[in-house]
Amino acid sequence: MALLEVTDLNTRFRTDDGIVKAVSGVSFTVESGETLGVVGESGSGKSVTFLTLMGLVDRRHAEVSGSVRFDGQEILGASGKQLQKIRGRRIGMIFQDPMTSLNPVKKIGWQLEEAVLLHNDVTHDEARRRAIEILKEVEIPKADTRIDDYPHQFSGGMRQRVMIAMALINNPEVLIADEPTTALDVTTQAQILRLMTKLQEEHGMAIVMITHDLGVVAELSDDVLVMYGGRVVEQAEVDDLFTKPEMPYTWGLLGSLPRLDITSARLEQIPGQPPSLLHPPSGCAFNPRCAYAFDRCHEELPELRAGAVGEGHRFRCHLSDDERARIWEAKKASLGAAEGSAA
Ligand code: SF4
């Protein structure tokens, strides 16, 4: 049984302009100890998917359907009290900007201790000891004195370490990290990613890494979901995705990389705009930006179907297997030639 099992998740927001289809028919699983990379541009539905499953979308304005099972228990639609027991205890979360998650007027130590006291029957002294211990684990120098600093007294990278400490303080089974390194410089990003890998090995938790950086996905993930227009458009093991991507949007992402054995890349380099979720294009949502679109693409939504390697690699595209194989081989050759001529 998967630790986290999401089936046919849908999130619709009611707005004055109409219904925004933020998440449509999303299904995936996360196993214990696994890292799932979730990649896509802004507005692809990747963050809303995880806010929905954590019960963090405002249900007064949102319609949610589907199923989210955590450790075998249905949690979609669970009460605030039930979810509070899971959030911060069994599932930890880290966001891009720690200043929106840390309370600026409370000392770091107070905030960490609160996180322990909320979920455990321990004394203040025990909570403080645990807070110092986790600050040391995330490699904050002089943790026993810095625990009494305020968030603004830490650099961006150190604040992000504090956020990781906050998310891990109760030893969660899953860590959901939403663009955890985007606001940081490249060196600090690399340090934070190394730290997360080390902590994963020590704590054995699963990680969901939501990002628009394929370099991060390649470095950390076991499996990858590619999201576009609120849907999963490709899902595969990381090596399969990078060596044999099956649909044109993923080709576009990989084509924006400097090399196939990538180190870092941003996704904004694909020409055109992500689709409106209020008035999505008919058929395949990628058709206005797709160089290979044909009549059927404008009329019919492609099913998520299995490729040559079987159910472990699925994608949405109307192109035939032969056409996709031929186009990808040509793309690979042109990427290799460009790399050769640049050398
Ligand atoms: Fe392009 Fe058509 Fe495939 Fe969509 S279904 S990715 S528009 S070829």
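We now turn to the structure provided with this report. (Residues numbered from 1 in each chain as written. Predicted model: local features only at pLDDT ≥ 70, side-chain atom pairs only at ≥ 80, totals over all residues. Heavy atoms only, no water.)

1. Examining unusual backbone geometry
Leaving glycine out, the prevailing phi sign among residues is negative, and the prevailing peptide bond configuration is trans. Even without being a glycine, K142 presents a positive backbone phi close to 50 degrees. You can see K142 is positioned in the loop between helix 5 (124-137) and helix 6 (143-146). Positive phi, close to 50 degrees, is recorded for E179, a residue that is not glycine. Within the secondary structure layout, E179 lies in the loop between strand 7 (174-178) and helix 8 (186-203). (Helix = DSSP H or I, 4+ residues; strand = E, 2+ residues; numbered from the N terminus.)

2. Points about the packing of aromatic side chains
How two aromatic rings sit relative to each other is set out by the distance from centre to centre and by the angle between their planes. Taken as a whole, this structure holds six aromatic pairs when the rule is applied. With a centroid separation of 4.5 Å and an interplanar angle of 55 degrees, the aromatic rings of Y228 and Y249 are classed as tilted. Highlighted residues: Y228 in strand 9 (residues 223-228) and Y249 in helix 11 (residues 248-255), separated in sequence by 21 residues. Among the aromatic residues, ring-to-ring pairing joins Y228, Y249 and F286 into one connected group. Taking the ring centre of W110 as reference, the NZ or CZ of K106 above it sits at 4.4 Å. (Phe/Tyr/Trp six-rings, centres within 6.5 Å; stacked < 30°, edge-to-face > 60°. Lys NZ or Arg CZ within 6 Å of the ring centre and 35° of its normal.)

3. Concerning the sheet that holds strand 2 (residues 18-30)
In space, the four strands of this open sheet follow the order 2-1-4-5, with antiparallel pairing throughout. The strands lining the two open edges of the sheet, one partner per strand, are strand 2 and strand 5 (73-74). Alignment of strand 1 (residues 4-15) against strand 2, held across nine bridges, turns out to be antiparallel. The residue of strand 2 that forms the bridge with L4 is V30. (Pairing = 2+ DSSP bridges.)

4. Some thoughts on empty space enclosed by the protein
Applying the stated criterion across every chain yields a total of three cavities of 30 Å³ or more. Its volume calculated, the largest cavity comes out at about 90 Å³. Lining the largest cavity are 15 residues, with P248, C284, C290, C297 and C317 sitting closest to its centre. Per-class residue counts for the lining of the largest cavity are twelve nonpolar, two polar and one charged. (1 Å grid on protein atoms, 1.4 Å probe; cavity = no way out; pocket = protein on both sides within 12 Å on 5 of 7 lines; lining within 4 Å. Points joined across faces, edges and corners; volume = space filled by probe spheres on them. Nonpolar A, V, L, I, M, F, W, Y, C, P; charged D, E, K, R; others polar.)

5. Focus on the environment of G310
Take G310: it is sitting in strand 12 (residues 310-315). The class for G310 is partly exposed, based on a relative accessible area of 22%. Placed 188 residues apart in sequence, G310 and V122 show a C-alpha to C-alpha distance of 49 Å. (Buried < 20%, exposed > 50% of the residue type's maximum accessible area, 1.4 Å probe, protein only.)

6. What to know about the packing of helix 4 (residues 108-119) against helix 7 (residues 156-168)
Two elements in contact, helix 4 and helix 7, have axes separated by 9 Å at closest approach and are oriented at 20 degrees. Relative to helix 7, helix 4 is oriented roughly parallel. As for how helix 4 packs across helix 7, the hand of that crossing is right-handed. Contact with helix 4, carried on its side by I108, Q111, L112 and A115, involves V162, A165 and M166 of helix 7 and no other residues of that element. Class assignment of the residues belonging to the contact of helix 4 with helix 7 gives a composition of six nonpolar, one polar and no charged. (Axes fitted to C-alpha atoms, helices over the stretch in contact; angles between N-to-C directions. Parallel < 35°, antiparallel > 145°, perpendicular 65-115°, else oblique. Left-handed = near helix turned anticlockwise from the far one by under 90°. Contact = heavy atoms within 4.5 Å.)

7. A few points about the site of the ligand
Not every one of the 13 residues close to the ligand is listed here, only the nearest: C284, C290, C297, C317 and H318. Here the ligand occupies the largest cavity. For the shell around the ligand, the class distribution of residues is eleven nonpolar, two polar and no charged. (Near = heavy atom within 4 Å. Sits in = over half its atoms within 2 Å of the grid points.)

8. Considering the pattern of salt bridges
Within this structure, the stated rule accounts for 20 salt bridges. For the salt bridge of R14 with E63, the shortest nitrogen-to-oxygen distance reads 3.0 Å. Remark: E63 occurs in strand 4 (residues 62-70) and R14 occurs in strand 1; sequence separation between them is 49 residues. Among the residues examined, R14 registers a relative accessible area of 37% and is labelled partly exposed. By relative accessible area, E63 is classed as partly exposed at 41%. The salt bridge involving E179 is made with K46; its shortest N-O contact spans 3.8 Å. (Salt bridge = Lys/Arg side-chain N within 4 Å of Asp/Glu carboxyl O.)

9. Observations regarding the sheet that holds strand 10 (residues 231-237)
Taken together, eight strands build an open sheet; the order of strands is 6-7-8-3-9-10-12-11 and the sheet is mixed. At either end of the open sheet lies a strand with only one pairing partner, and these are strand 6 (91-94) and strand 11 (305-307). Between one strand axis and the next, the sheet turns by 25 degrees as a mean value, whatever way the strands run. Taken strand by strand, helix 1 (residues 46-53) contacts strand 3 (35-39), strand 7, strand 8 (206-211) and strand 9, and its axis lies near 140 degrees from that of strand 8. Those strands touched by helix 11 are strand 9 and strand 10, and its axis lies near 105 degrees from that of strand 9.

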